Amino acid sequence: MMKQVKFGVLGCGTAAHFHAAACKNSRNIKLVSAFDVKYENAKKLADIYNLTVSRNYQDILKSDEVDAVLITLPHFLHNDFTVEAAETGKHILCEKPMASTLEECDNMIKAAKKGGVKLMIAENHRFLPAHKLIKKVLEEGLIGTPILVRGYEGVDETPDLSKPEHWKGSPEKAGGGVLMDAAVHKFAILNWMLGDVALAYCWLAKQMIKLENKADDNAMMFMKFENGCIGEVVVSDTVFSPPNNRLEFYGTKGTILEDHSWTKPVQIFSTVIEAGENRYQWYSPEVEHEPFPMYYIISFRHEDEHFAECVLEGKEPVFAPEEAKKAVAVVLLGYLSAKTGKIATPADLEKMASTKGTRSIIEGVEKISI
Ligand SMILES: NC(=O)c1ccc[n+]([C@@H]2O[C@H](COP(=O)([O-])OP(=O)(O)OC[C@H]3O[C@@H](n4cnc5c(N)ncnc54)[C@H](O)[C@@H]3O)[C@@H](O)[C@H]2O)c1
């Protein structure tokens, strides 16, 4: 019986370093080998974490020493590498967004099923303790029915976005700009907390990155969920302070505020608490958290440990690939709306999927800026 999941790392950039740091003391996970099209990137990761560098990824896929792959590659490569890994019987932990089109997401799900392997999309926001706490508070009804939600992520991606040849921000290689890269995190957790999106209206802007082949560096999406809650998600790749995330939930009986830069990241105000010191005042429950960069390490550790447990114990990941696909679908809803200048619904998206295919939605988004 497998005692530890041995991983080969495919793609050794920023995300791979976060995973490696998060897993370095794990009993269940061992990173054993690394491949990157830029040898020096694989070598750098390998030197820090004592891995073997492979000159080609097939050696990793064929190796009996490897049980699973960690795919930390640009978005346009997620599908192909997942399919090949599944064919060789390797379990797959693949970074978000699952892929840039719904067809690729379906393909990845099909390949994992056919190969009989576990597939989980590494959506670290689903594993952040602060987010798990919010989900519980919502389920306990402490703020009543959520009627308004706001989500925000802001980072500085300007160094990579400013390079015309870099994959980030390229519709072809990244599936779009900041909406695909960052808002997908928010949609994954809002779908989990509030259910499906019924309609969306989206603005894309190129505020600082004016390169012809790069898409939105700032985006705003307004949405209504099937449960009636309305909301906005605002994402920016041009924020010159440490990366940050926020969520605000306003309910019929209370409020939740969350901010990754706070040491106690969740504040709750509830009018349904009947007695005790938390009645009718803001309170912040204890939760495992540290501001940037530690929230990355904490969430990656919980995420990667969960995936390893699923492999070792034959369980299904709590973040199913179908849910990761749903988050991509909300991003595409946003791009569809931005392209048409109109509200977009899942029925519109389905129509595009069954006629032109969802790749057609992201084609040309680099030309859109309000
Ligand atoms: N969950 C998070 O918070 C988080 C944070 C950062 C990145 N990510 C995700 O991780 C993935 C990688 O992003 P990143 O920021 O690490 O990118 P990156 O550009 O820093 O790293 C990507 C690596 O892939 C390599 N690469 C490119 N083409 C390749 C190929 N054909 N074969 C092998 N290697 C190749 C590059 O040389 C580079 O080393 C993306 O899906 C991104 O969205 C997630």
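For clarity, every value in this text was computed on a predicted model and none was experimentally measured.

Novice: Can you tell me about helix 9 (residues 178-194), naming the residues and giving the values?
Specialist: The end-to-end C-alpha separation of helix 9 is 22 Å, in line with the 24 Å expected for 17 residues at 1.5 Å each. The largest bend along helix 9 measures about 40 degrees and falls at Val-184. Burial analysis of helix 9 places 17 of its 17 residues in the buried class, the great majority of the element. A positive backbone phi angle near 100 degrees is found at Gly-195, which sits one or two residues after helix 9.

Novice: Report on the sheet that holds strand 13 (residues 266-270), specifying residues and quantitative values.
Specialist: In spatial order, the strands read 8-9-10-7-11-12-13; together these 7 strands make up an open sheet with mixed pairing. The open sheet has two free edges, formed respectively by strand 8 (197-205) and strand 13, since each of these has just one partner strand. Geometrically, the sheet is characterised by an average inter-axis angle of 10 degrees between neighbouring strands, direction not taken into account. Strand contacts of helix 9: strand 7 (146-154), strand 8, strand 9 (218-225), strand 10 (230-236) and strand 11 (244-251), with the helix running at about 150 degrees to strand 10, the strand carrying the most contacts.

Novice: Kindly report on the nonpolar core, identifying the contributing residues and their values.
Specialist: Counting 119 residues, the largest nonpolar core has Leu-179, Phe-187 and Phe-249 as its most contacted members. Among the elements that line this core, the one with the most residues is helix 9, at 13 residues. Counting only domains with at least three residues in this core, you end up with domain 1 (5-125 + 297-316) and domain 2 (128-290 + 326-350). With sequence-adjacent residues up to four places away left out, Phe-187 is seen in contact with Leu-179, Met-221, Met-223, Val-233, Ala-327, Val-330 and Val-331.

Novice: Go over the site of the ligand with me, naming the residues and quoting the values.
Specialist: Around the ligand, 26 residues are found, and the nearest of them are Ala-15, Asp-36, Asn-41, His-75 and Lys-96. Across the complex, the protein chains shield 87% of the 830 Å² of accessible surface that the ligand would expose by itself. Mapped onto the shell around the ligand, the elements with two or more residues apiece are helix 1 (14-23), helix 9 and helix 10 (294-313). Here the residues of the shell around the ligand sort into 10 nonpolar, 10 polar and 6 charged. Both domain 1 (5-125 + 297-316) and domain 2 (128-290 + 326-350) contribute no fewer than three residues apiece to the shell around the ligand.

Novice: Requested: an account of the domain arrangement of the protein chain, with residues and values cited.
Specialist: As far as domains go, the protein chain holds domain 1 (5-125 + 297-316) and domain 2 (128-290 + 326-350). For domain 1 versus domain 2, the separation of C-alpha centres amounts to 25 Å. Summing the contributions of domain 1 and of domain 2, the shared interface buries around 1700 Å²; its carbon and sulfur component is 64%. Viewed at the interface, domain 2 and domain 1 are joined by 2 salt bridges. Among the salt bridges present, the one from Asp-181 reaches Lys-96, with a minimum N-O distance of 3.0 Å. At the boundary of domain 1 and domain 2, one finds 8 residue pairs in polar contact (both at pLDDT 80 or more).

Novice: Requested: an account of the pattern of salt bridges, with residues and values cited.
Specialist: Under the defined criterion, the tally for this structure stands at 20 salt bridges. With a closest N to O distance of 2.8 Å, Glu-316 and Lys-118 form a salt bridge. Taken together, the residues span a long stretch of sequence, with Glu-316 in the loop between helix 10 and helix 11 (321-340) and Lys-118 in the loop between helix 5 (102-115) and strand 6 (119-122) at a distance of 198 residues. Judged by relative accessible area, which is 59%, Glu-316 ranks as exposed.

Parameters and conventions
- Residues numbered from 1 in each chain as written.
- Predicted model: local features only at pLDDT ≥ 70, side-chain atom pairs only at ≥ 80, totals over all residues.
- Heavy atoms only, no water.
- Helix = DSSP H or I, 4+ residues; strand = E, 2+ residues; numbered from the N terminus.
- Expected span 1.5 Å × (residues − 1).
- Bend = angle between axes of the 7 residues up to and from the residue.
- Buried < 20%, exposed > 50% of the residue type's maximum accessible area, 1.4 Å probe, protein only.
- Pairing = 2+ DSSP bridges.
- Axes fitted to C-alpha atoms, helices over the stretch in contact; angles between N-to-C directions.
- Contact = heavy atoms within 4.5 Å.
- Core = buried A, V, L, I, M, F, W, Y, C linked by side-chain atoms within 4.5 Å.
- Domains from an automatic or database assignment.
- Near = heavy atom within 4 Å.
- Areas by Shrake-Rupley, 256 points an atom, 1.4 Å probe, with all protein chains shown as cover.
- Nonpolar A, V, L, I, M, F, W, Y, C, P; charged D, E, K, R; others polar.
- Buried area = accessible area lost by both parts, 1.4 Å probe.
- Salt bridge = Lys/Arg side-chain N within 4 Å of Asp/Glu carboxyl O.
- Polar contact = N/O pair within 3.5 Å; in protein donor to acceptor, adjacent residues only side chain to side chain.

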